[in-house]
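Here are the chains, one letter per residue:
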Amino acid sequence: MRSKVDEKLGFGKSTILGFQHVAVMYGGAVVVPILIGSSIGLSQAEIVYLISFDLFTCGVATIVQALGLGSFAGIKLPALMAISFVVVGPAISIGQAYGVTAIFGSVIVAGIIVTILSQFATKLVRYFPPVVTGSVVLIIGVTLMPVAMENVAGGDAAAPDFGSWQNLTAAAVTFAIFLLVNHYAKGFVKSIAILIALFLGTIFASFLGMVDPTEVTEASWITAIQPFYFGMPKFELSAIITMTLIGIIIMVESTGVFFALGEVAEVKVSGEDVKKGLRAEGLAAIFSGIFNSFNHSTFSQNVGLVLLTKVVSRYVVAVGGVILVIIGLVPKIAAVTTMIPSAVLGGAMIPMFGMLMSAAIQMIMKDDITKTSNQLVIGVGVGLGLAAAGAPEVFANFSDTLKLLLQSGPVMGAASCFLLNWWLNGPSDHAEIKEDEVDSAVPETHTA
């Protein structure tokens, strides 16, 4: 049954909950085009357009993923799509070497390849039992914690106020507000604890002089979203290979997130579901490249939000996608969300990423962890993933492509867990991989 996933909460509640999802992902979504644009020499005006294109394509991709394109594409779970952080380094390298249009050309081709590869997703599900998917989600949660702490300190390590008492205090107040609302509030108010914490945290931060309304007053009202704004795409072989590898990395990460969402929503995720979800990601990348943006992934931060709120309606996330489309078209609205200080976002990120780790442990516990083989999968796989993320300089002498793969904690961990499980356990006998399987309820999970 998918009753909770298909539940419609009404316009008012869906809008507020959808905006909460947007608030959670917004900072991460806009930082990618800012980093890439500034690194490849785009003007300030061009970067503003790049951000608008980013938000617009994120919104469209989210709507497709949550609502689906019939029976062809879309996981039809509360999966919010955003530009993956994995894209930043390769996109900068491609842009510096060949220009921004080569980035978009490689994104389009990578999207086509991912769409084709998604066809074989049902063959892979048996090799991703809970001990593997749970371990990957655990690595994602752990490696996101430093991102949260950097935001707590202010976001930019080079800034003079990084780690200042103002930043730390604003983050602590936001975190405390969330804990109080989440513990004492009931019903709908409890479900928007993160949004309340962000709102009140921003008000508190304004008294510390941390909120700057300048961007709101200077932003224009309307942005025209047009394909190939920066020119016709260029197709460079090395750029295409690099971005295709990125697409495959995102596929691995998203597969783990799909299973995590299935656990939270109490929905059995079948191989056919994974195929449709990955196919939506491929189609979204094609669309994104045409409309001047980058590869999308299912944002793990928002999985943490779903865990906290217990609201699993895919229509809520779809409304979030509509809000992203509107924000992409109206920069003045987009600028309002830039007023949320990084420290306030960091204070809200900590409990979300913590809940993601908690969900990962519950997933792992569904397998028999008394087996030595499973203990090795968890211990070695998670260990290698965290080691790679914690000591990326080990691979400094490798090529850029290999560095990209080996320095990524989730990718290193996913590959390690997958290979160890394949060698020690083989394909899971109890995994459901029938392509025509209908969704069914899974046993209730007890989250904190």
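Residues numbered from 1 in each chain as written. Predicted model: local features only at pLDDT ≥ 70, side-chain atom pairs only at ≥ 80, totals over all residues. Heavy atoms only, no water.

Let's talk about the overall build of the chain
Part 1 of the reasoning: Looking only at helices and strands, the chain features 19 helices and two strands.
Part 2 of the reasoning: Going through the 448 residues of the chain one by one, you find that 55% of them count as buried.
Part 3 of the reasoning: In the chain, 85% of the contacts between residues at least 6 apart in sequence involve partners at least 24 apart.
Part 4 of the reasoning: Carbon and sulfur atoms form 67% of the exposed surface of the chain, whose accessible area is close to 18,200 Å². (Helix = DSSP H or I, 4+ residues; strand = E, 2+ residues; numbered from the N terminus. Buried < 20%, exposed > 50% of the residue type's maximum accessible area, 1.4 Å probe, protein only. Contact = heavy atoms within 4.5 Å. Areas by Shrake-Rupley, 256 points an atom, 1.4 Å probe, with all protein chains shown as cover.)

Concerning the pattern of salt bridges
Two side chains bearing opposite charge may form a pair once their charged atoms approach each other closely.
Part 1 of the reasoning: Scanning the entire structure with this criterion turns up one salt bridge.
Part 2 of the reasoning: Lys275 is the salt-bridge partner of Glu272, the closest N and O atoms lying 3.3 Å from each other. Taken as a pair, Glu272 and Lys275 lie in helix α12 (residues 271–290) at a separation of three residues, close to a single helical turn. The exposure classification of Glu272 matches that of Lys275, with both residues buried. (Salt bridge = Lys/Arg side-chain N within 4 Å of Asp/Glu carboxyl O.)

Thoughts on the nonpolar core
Part 1 of the reasoning: Formed by 75 residues in total, the largest nonpolar core has its most connected members in Leu77, Ile194, Leu198, Val274, Met352 and Leu356.
Part 2 of the reasoning: Take this core: its biggest share by element is 13 residues, from helix α16 (residues 342–364).
Part 3 of the reasoning: The next biggest cluster of nonpolar side chains, apart from the first, holds 47 residues, and it includes Ile47, Ile83, Phe104 and Leu324. (Core = buried A, V, L, I, M, F, W, Y, C linked by side-chain atoms within 4.5 Å.)

Describing helix α9 (residues 193–207)
Part 1 of the reasoning: With 15 residues, α9 should cover 21 Å at 1.5 Å per step; its first-to-last C-alpha distance of 21 Å lies within 8% of that length.
Part 2 of the reasoning: Once α9 ends, the next one or two residues include Gly209, with phi positive near 75°. (Expected span 1.5 Å × (residues − 1).)

Let's talk about the environment of Thr133
Part 1 of the reasoning: Summarising the element assignment, Thr133 is placed in helix α6 (residues 130–153).
Part 2 of the reasoning: Residues Thr133 and Phe258, 125 residues apart in the sequence, show an inter-C-alpha distance of 9.4 Å.

Notes on unusual backbone geometry
Part 1 of the reasoning: Even without being glycine, Lys76 reaches a positive phi, approximately 55°.
Part 2 of the reasoning: For Lys76, a relative accessible area of 27% translates into the label partly exposed.
Part 3 of the reasoning: With a phi close to 65°, Asn292 is a non-glycine residue in the positive phi region.

Section: a nonpolar patch on the surface
Part 1 of the reasoning: On the surface, Ile112, Ile116, Leu117, Phe120 and Ile248 cluster together into a nonpolar patch covering about 440 Å² of accessible area.
Part 2 of the reasoning: Tracing the chain through its elements places Ile116 in helix α4 (residues 100–117).
Part 3 of the reasoning: Judged by its relative accessible area of 52%, Ile116 is exposed. (Patch = residues over 30% accessible without salt bridge, like charges linked within 9 Å, V, L, I, M, F, W, Y side chains within 5 Å.)

Here we look at the confidence of the model for the chain
Part 1 of the reasoning: Summary statistics for the chain give a mean pLDDT of 79 and a share of 87% for residues scoring 70 or more.
Part 2 of the reasoning: By mean pLDDT, the top-scoring element of the chain is α4 (91), and the lowest-scoring one is helix α15 (residues 331–337) (66).
Part 3 of the reasoning: Low pLDDT, under 50, characterises residues 430–448; the stretch is placed with 44 contacts to residues that sit more than four places away or in other chains. (pLDDT = per-residue confidence, 0-100.)

What about the side chain of Ser288?
Part 1 of the reasoning: Note on placement: Ser288 falls in helix α12.
Part 2 of the reasoning: Using a relative accessible area of 0% as the deciding quantity, one classes Ser288 as buried.
Part 3 of the reasoning: Leave out the neighbours within four places in its chain, and Ser288 touches Thr57, Ser293, Phe294 and His296.

Section: the environment of Ser373
Part 1 of the reasoning: Residue Ser373 is classed as buried on the basis of its relative accessible area, which comes to 14%.
Part 2 of the reasoning: With 48 residues separating them along the chain, Ser373 and Asn421 place their C-alpha atoms 7.6 Å apart.
Part 3 of the reasoning: A distance of 2.7 Å separates polar atoms of two side chains, one belonging to Ser373 and the other to Asn425. (Polar contact = N/O pair within 3.5 Å; in protein donor to acceptor, adjacent residues only side chain to side chain.)

So, the packing of aromatic side chains
Part 1 of the reasoning: Scanning the entire structure with this criterion turns up 11 aromatic pairs.
Part 2 of the reasoning: Aromatic pair Phe287 and Phe291: ring centres 4.6 Å apart, planes at 35°, arrangement tilted.
Part 3 of the reasoning: Here the aromatic residues Tyr49, Phe53, Phe104, Tyr229, Phe230 and Phe294 are joined through ring pairs into a cluster of three or more.
Part 4 of the reasoning: Seen from the ring of Phe72, Arg279 lies directly overhead, with NZ or CZ sitting 4.6 Å from the centre. (Phe/Tyr/Trp six-rings, centres within 6.5 Å; stacked < 30°, edge-to-face > 60°. Lys NZ or Arg CZ within 6 Å of the ring centre and 35° of its normal.)

What about helix α19 (residues 409–424)?
Part 1 of the reasoning: When the terminal C-alpha atoms of α19 are compared, their 22 Å separation across 16 residues agrees well with the 22 Å that a helix rising 1.5 Å per residue should span.
Part 2 of the reasoning: Residues of α19 that are buried include every one of Gly409, Pro410, Val411, Met412, Gly413, Ala414, Ser416, Cys417, Leu420 and Asn421, and no others.
Part 3 of the reasoning: In the segment just after α19, Gly426 is the residue with positive phi, at about 75°.

Focus: the packing of helix α17 (residues 372–390) against α19
Part 1 of the reasoning: Interhelical geometry of α17 versus α19 gives an angle of 160° and a closest axis separation of 7 Å. Between α17 and α19, the angle is such that the two are roughly antiparallel. You can see that α17 and α19 cross each other, and the crossing is right-handed. Touching Ser373, Leu376, Val377, Val380, Gly381, Val382, Leu384, Gly385, Ala388 and Ala389 of α17 are Gly409, Met412, Gly413, Ser416, Cys417, Leu420, Asn421 and Leu424, all from α19.
Part 2 of the reasoning: Considering only residue class, the contact of α17 with α19 consists of 11 nonpolar, seven polar and no charged. (Axes fitted to C-alpha atoms, helices over the stretch in contact; angles between N-to-C directions. Parallel < 35°, antiparallel > 145°, perpendicular 65-115°, else oblique. Left-handed = near helix turned anticlockwise from the far one by under 90°. Nonpolar A, V, L, I, M, F, W, Y, C, P; charged D, E, K, R; others polar.)

Overview of the environment of Ala97
Part 1 of the reasoning: Residue placement: Ala97 occurs in helix α3 (residues 88–98).
Part 2 of the reasoning: Using a relative accessible area of 53% as the deciding quantity, one classes Ala97 as exposed.

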